Every structure is written in C-alpha cells, then in structure tokens.
Amino acid sequence: MLSRRIIMIDENTVEKNGLVGYWHYQAGISGTTWSNIAPNTAGLYNGTITGAVLQSNGVFFDGINDDVTTAALPAATSWTLELGFKYDGTSTSQGVVMGWFPNGFAGGNWAALQVNYGAAANRFVMYDSATNALGIKVESILTPNVFYHVAIRFDRITPFPNDRSLNYYLNGQYMSTASVNATSMGGQLMFGRRKFNTSFFDPFKGTLAFARVYDRPLTDTELGKNYLVGFALGL
C-alpha cells in the first residue's frame, strides 16, 4: 500500500532556517537593549538603543539623533534581509532605515536601505570603497506613513565574478534584480541612521517594526511565507 506524506506549512510562523538575527518590537526590548530573538542565536548580536522609543506599532526614530546599533554579525557570502517599517511624511530628508557595516564605522564597504531618497524613493545601496562610489541600487516609490515589508536577497553565484545577484522584494512581490561585485556581508547593523568614524548621517524619521537577517538566500516561497506572517512575531 502506498502511503502519502503530507507536509503542513505553518503560515503563522516565519522561516527559521538560517535566521541569525531577529529584532521585533513585541519582544526583547528592555531599557536600552533590543535583544536578538532568533531561536538559534537568541541573546547574541543584541542592539543598543540610543534615543529611539518603543510605541504601540514599532520603535520610533525621531529623524534627528536616534539609532539602534547591534553587535557584529558573522560574515555570510549569501544572505537575506527583511524589514518592516514606515517613514514619516513630515521628513524632508533621506534617512537610513538600516545600515550594515562589515568593517565597523571606520570605512570600508557598507550597505544601507534608504528612504525618501528623491521623489520618495526607497533604495538599497552597496558602497564599494575601492571605487569610492555607490556601485549598485535597487529602488521603488513608497508612500509616507504606510507600513511596508521590504526584503533584500543577496545570492552569490560562483565562479566570481560572474556574478552576485541582488534581488529586491516589496510586500512579498519581486521588484528588480541587480548585480554587485561583492564577496560577503557581515558586521554591525545600525538602524535609524548611518555612521562614519564619529560622525552621523541620514537620520531616519519613522517606525521600525522588525528586522530579520538570514545567512542564506531565502527562496521566493519562503519570502512569500514570511510576508504572509505580516507584522506579527511569528515564532
């Protein structure tokens, strides 16, 4: 007799395989600490809150001098980043929802998700220190004061440099792909603004509900599953 194996997919939980960093406003915030709640790395890579305030729908950044800085994450040659956020319509300058700094804040390569970058565009950029230029961007137009789910997937395709694929998703839908000549990403995350040496740039005014980092490229199906969880905790 043939047996049939049925695999149930729980649409109420986020994908946990490869999840190395997870910060959600509904859990892990105590005083000036925003703890990582990813099941396999909980308590590692915690964030230090400077000024940002916990509200009923997320952590609010004032667009002046608020940020959250995590401990350094290990480098990954392929990865996925997810963010749930909205930006304040009263903001007139671009802001960094999240910056990633593999070499700390003293220079080198970095990546950032920026909002309100000209005509209300949202973009993800990767900075190449060797050429001193923003070498890549993927973008879309966002409406202020509306929550969005943004996912960035970096998929390393060998042999180098043919090439690395940077894929951008908005609210569960694939938007665009670009190629970037990069080998890995890791290090500290900073939510709310960008830092270089001791100076700060591009303060974000808005609300961050969650951020997730995976050390592998999620599939389209997995990204869709995470989007269906919405802004719930999903653990």
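Bear in mind that the values here come from a model prediction, so they are computed numbers and not experimental data. (Residues numbered from 1 in each chain as written. Predicted model: local features only at pLDDT ≥ 70, side-chain atom pairs only at ≥ 80, totals over all residues. Heavy atoms only, no water.)

Asker: Before we go on, may I ask you to explain the overall build of the protein in this structure?
Answerer: Within the protein one finds one helix and 20 strands. For the protein, with 235 residues in total, the buried portion stands at 49%. Long-range pairs, those at least 24 residues apart, make up 62% of the contacts in the protein between residues at least 6 apart in sequence. For the protein, the exposed surface amounts to about 10700 Å²; the carbon and sulfur share of it is 52%. (Helix = DSSP H or I, 4+ residues; strand = E, 2+ residues; numbered from the N terminus. Buried < 20%, exposed > 50% of the residue type's maximum accessible area, 1.4 Å probe, protein only. Contact = heavy atoms within 4.5 Å. Areas by Shrake-Rupley, 256 points an atom, 1.4 Å probe, with all protein chains shown as cover.)

Asker: Help me out: how do you make sense of the packing of aromatic side chains in this one?
Answerer: Geometry of an aromatic ring pair is reported as the spacing of the ring centres plus the angle between the planes. Scanning the model with the defined rule gives eight aromatic pairs in all. Ring centres 5.7 Å apart and planes at 70° place the aromatic pair Tyr169 and Tyr174 in the edge-to-face group. Assessed through its relative accessible area of 4%, Tyr169 is described here as buried. The class of Tyr174 is partly exposed, set by a relative accessible area of 43%. Site record: aromatic cluster; members linked through ring pairs are Trp23, Trp34 and Phe191. (Phe/Tyr/Trp six-rings, centres within 6.5 Å; stacked < 30°, edge-to-face > 60°.)

Asker: Explain the side chain of Ser78 here, please?
Answerer: Counting through the fold element by element, Ser78 comes out in the loop between strand E8 (73-76) and strand E9 (79-87). Residue Ser78 is classed as buried on the basis of its relative accessible area, which comes to 11%. Beyond its immediate chain neighbours, meaning those up to four positions away, Ser78 contacts Phe154, Asp155, Arg156, Tyr214, Asp215, Arg216 and Pro217.

Asker: When you look at the nonpolar core in this model, what are you seeing that I'm missing?
Answerer: Most often, soluble globular proteins keep nonpolar side chains buried together rather than apart. Membership of the largest hydrophobic core comes to 53 residues, with the highest contact counts inside it found for Trp23, Trp79, Leu83, Phe85, Phe124 and Phe191. Looking at this core element by element, the count peaks at six residues for strand E20 (residues 205-214). (Core = buried A, V, L, I, M, F, W, Y, C linked by side-chain atoms within 4.5 Å.)

Asker: Just to check I follow, could you spell out the pattern of salt bridges for this structure?
Answerer: Opposite charge on two side chains permits them to pair, given that their charged atoms come into close proximity. The final tally for this structure, using the stated rule, is seven salt bridges. Here Lys225 makes a salt bridge to Glu15, at a shortest N to O gap of 3.8 Å. Here Lys225, found in helix H1 (residues 220-229), pairs with Glu15, found in the segment before strand E1 (19-24); they are 210 residues apart in sequence, far enough to count as distant. The pair formed by Lys225 and Glu15 is uniform in burial state, with each residue classed as buried. Note that Asp202 is salt-bridged to Arg194, the shortest N-O span being 3.5 Å. (Salt bridge = Lys/Arg side-chain N within 4 Å of Asp/Glu carboxyl O.)

Asker: Can you help me understand unusual backbone geometry in this one?
Answerer: Where the residue is not glycine, phi is negative for most of them; where a peptide bond is considered, it is trans in most cases. One non-glycine residue, Asn145, adopts positive backbone phi at about 65°. In the Ramachandran plot, Asp202 falls in the positive-phi region, its phi being about 50° despite a non-glycine side chain. Residue position: Asp202 is located in the loop between strand E19 (199-201) and E20. With relative accessibility at 16%, the residue Asp202 sits in the buried group.

Asker: Explain the environment of Gly192 here, please?
Answerer: Among the secondary structure elements, Gly192 is positioned in the loop between strand E17 (185-191) and strand E18 (194-196). Gly192 gets classed as buried once you look at its relative accessible area, which sits at 1%. Considering only alpha carbons, one finds Gly192 and Asn65, 127 residues apart in sequence, at a separation of 8.3 Å. Residues in contact with Gly192, not counting those within four places in the same chain, are Phe61, Asp66, Val96, Val97, Asp202, Pro203 and Phe204.

Asker: Honestly, the environment of Phe231 in this entry has me stumped. Any pointers?
Answerer: Its location among the elements puts Phe231 in the segment after H1. Separated by 83 residues in sequence, Phe231 and Tyr148 have C-alpha atoms that sit 9.6 Å apart. Phe231 has contacts with His24, Tyr25, Gly84, Phe85, Phe147, Tyr148, His149, Ala209 and Phe210, leaving out every residue within four places of it along the chain.

Asker: In this structure, what is going on with the environment of Gly95? I would like to understand it.
Answerer: When you line up the elements, Gly95 lands in strand E10 (residues 95-105). You can call Gly95 buried: its relative accessible area is 2%. Once residues within four sequence positions are removed from consideration, Gly95 is found in contact with Leu113, Gln114, Val115, Asp202, Pro203 and Phe204.

Asker: It is not clear to me how the confidence of the model for the protein should be interpreted in this structure. Could you clarify?
Answerer: Low-pLDDT stretches of the model should not have their predicted coordinates read in fine detail. In the predicted model, the protein carries a mean pLDDT of 82, and the fraction of residues at 70 or more is 77%. With pLDDT under 50 throughout, residues 1-9 is counted as low confidence; its partners more than four residues away or in other chains account for one contact. (pLDDT = per-residue confidence, 0-100.)

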